[in-house]
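# Overview (structure and organization)
Letter by letter, the chains look like this.
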Amino acid sequence: MTYAFPLGGLPSQSENPESTAVFTEAYAVIPASVQRDIVTSFLPGWHGMRMWILARPMTGFAETFAQYAVELAPGGGTSNPEPDIEAQAVLFVAFGEVRLSIGGARSTLKAGHLAYIPAGAHWEIWNTSDAPCGFHWIRKRYDYMQSLNPLEAFTVHETEVPKSEMPECDGVWATQRFFDPFDLRYDFHVNIVNILPGGRIPFAETHVMEHGLYVLSGTAKYLLNKDWVEVGPGDFMWLRAFCPQACIATGDEPFRYLLYKDVNRHVSLDLAGHRR
């Protein structure tokens with residue numbers, strides 16, 4: 001498996017600046033072509049890193065999560081990555097390898113590995129190899145429920161996660177679920193959605209979940225609100241709640257994307273989103 005990641009660099013002066021980048025009241029598209037060196041960010045306490053911030057909570061838009069694409073040089077990393085004690089995380093490695101320590105337990109993650117890190121856990125991440133590496137980092141504050149048992153960290157490779165086929169689609173649309181969908185302790189899910197060429201999401205999904213969709217491979221025509229957009233490897237789509245979406249996979253290889261969505265909690269009746 002190969003997984004798209006920001007290219008970096010800077011286009012030459014001969015390139016046309018027109019692109020499919022757009023930000024609307026219902027969705028945003030940040031194509032791979034605009035994820036360049038000039039828009040990278042850096043964090044205090046990190047070494048040999050740079051990152052692209054693809055999503056952040058915004059009032060009146062998508063409010064539940066942040067999503068980064070992080071690149072580490074050899075020897076890069078940090079022993080204190082998360083300043084928010086209420087933040088949980090998912091990491092998905094796109095290329096290279098990293099050493100992840102969670103509560104003192106170490107593991108080496110390679111391309112295709114996903115790690116879940118509960119809120120409040122102490123963790124470290126370092127690139128101990130002699131080549132760069134890149135990973136996606138999704139952050140969300142945990143919505144605690146006193147009646148539920150605490151969550152535990154885990155790591156898994158996507159090849160260990162079965163594809164669950166959608167009903168009546170002859171296997172052209174399948175989802176790899178990294179989280180047990182019936183375990184209500186989790187307040188968000190991260191999946192890989194797989195759609196074979198010609199396959200589709202055959203209706204305009206309209207639901208309360210916010211989404212971050214990073215295209216790992218393949219191409220598609222994607223419905224976002226009222227607009228059909230062409231997307232491909234490295235493109236990022238960011239959807240607020242109730243934004244209609246559908247998809248038709250194009251090209252000659254499977255269309256695959258890393259999907260975030262918030263789940264398993266009551267809708268807050270406080271407009272500020274705070275529980276009383």
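Before reading further, recall that the structure is shown in the block above.
A word on the packing of aromatic side chains. This model, assessed by the stated rule, comprises 22 aromatic pairs. Both rings, one in W46 and one in W137, keep their centres 5.8 Å apart while their planes meet at 40°; by these two values the pair is tilted. Remark: W137 occurs in strand β10 (residues 133-141) and W46 occurs in the loop between β2 (27-30) and β3 (47-55); sequence separation between them is 91 residues. W137 gets classed as buried once you look at its relative accessible area, which sits at 1%. On the basis of an interplanar angle of 35° and a centroid distance of 5.7 Å, the ring pair of F188 and Y260 is categorised as tilted. In this pair, F188 is assigned in strand β14 (residues 188-195) and Y260 in strand β21 (residues 255-262), connecting sequence segments 72 residues apart. Residue classification places F188 among the buried positions, given a relative accessible area of 1%. A cation over a ring is seen here: K221 above W228, with NZ or CZ 5.8 Å from the ring centre.

As a further point, take the nonpolar core. Membership of the largest hydrophobic core comes to 33 residues, with the highest contact counts inside it found for V90, F92, F178, F179, V190 and W238. Elements represented by at least two residues in this core include exactly β3, β5 (87-95), β8 (113-117), β14, β16 (211-217), β19 (236-239) and β21. If we skip the residues at most four places from it in the chain, V90 touches L114, A115, Y116, H136, W137, I138, F179, F188 and V190. Core analysis: the next-biggest nonpolar cluster, separate from the first, contains 23 residues, V29, I201, V231 and M237 among them.

This brings us to the sheet that holds strand β20 (residues 245-250). One open sheet holds the 4 strands; their spatial order is β15-β20-β17-β18, and the pairing between them is antiparallel. The open sheet has two edge strands with one neighbour each: β15 (200-205) and β18 (227-231). For this sheet, the mean angle separating the axes of adjacent strands, direction not counted, is 20°. Where strand β17 (residues 219-224) and β18 come together, 5 bridges link them in antiparallel fashion. Bridging across to β18, K221 finds its partner in E230.

Here the focus is the state of the cysteines. Following the criterion strictly, the structure yields 0 disulfides and no others. In this structure C243 is not part of a disulfide, and its nearest cysteine sulfur, from C247, lies 14 Å away.

Moving on: the sheet that holds strand β12 (residues 163-165). Backbone hydrogen bonds hold the strands of a sheet together, and the pairing may be parallel or antiparallel. With respect to topology, 8 strands assemble into an open sheet ordered β1-β2-β19-β16-β21-β14-β13-β12, the strand pairing being antiparallel. Each edge of the sheet is formed by a strand with only one pairing partner; in this case those strands are β1 (22-23) and β12. Relative to β19, β2 runs antiparallel, the two being bridged by 4 bridges. Across the sheet, residue V29 finds its bridge partner in β19, namely M237.

Conventions we followed
- Residues numbered from 1 in each chain as written.
- Predicted model: local features only at pLDDT ≥ 70, side-chain atom pairs only at ≥ 80, totals over all residues.
- Heavy atoms only, no water.
- Phe/Tyr/Trp six-rings, centres within 6.5 Å; stacked < 30°, edge-to-face > 60°.
- Helix = DSSP H or I, 4+ residues; strand = E, 2+ residues; numbered from the N terminus.
- Buried < 20%, exposed > 50% of the residue type's maximum accessible area, 1.4 Å probe, protein only.
- Lys NZ or Arg CZ within 6 Å of the ring centre and 35° of its normal.
- Core = buried A, V, L, I, M, F, W, Y, C linked by side-chain atoms within 4.5 Å.
- Contact = heavy atoms within 4.5 Å.
- Pairing = 2+ DSSP bridges.
- Axes fitted to C-alpha atoms, helices over the stretch in contact; angles between N-to-C directions.
- Disulfide = S-S within 2.5 Å.

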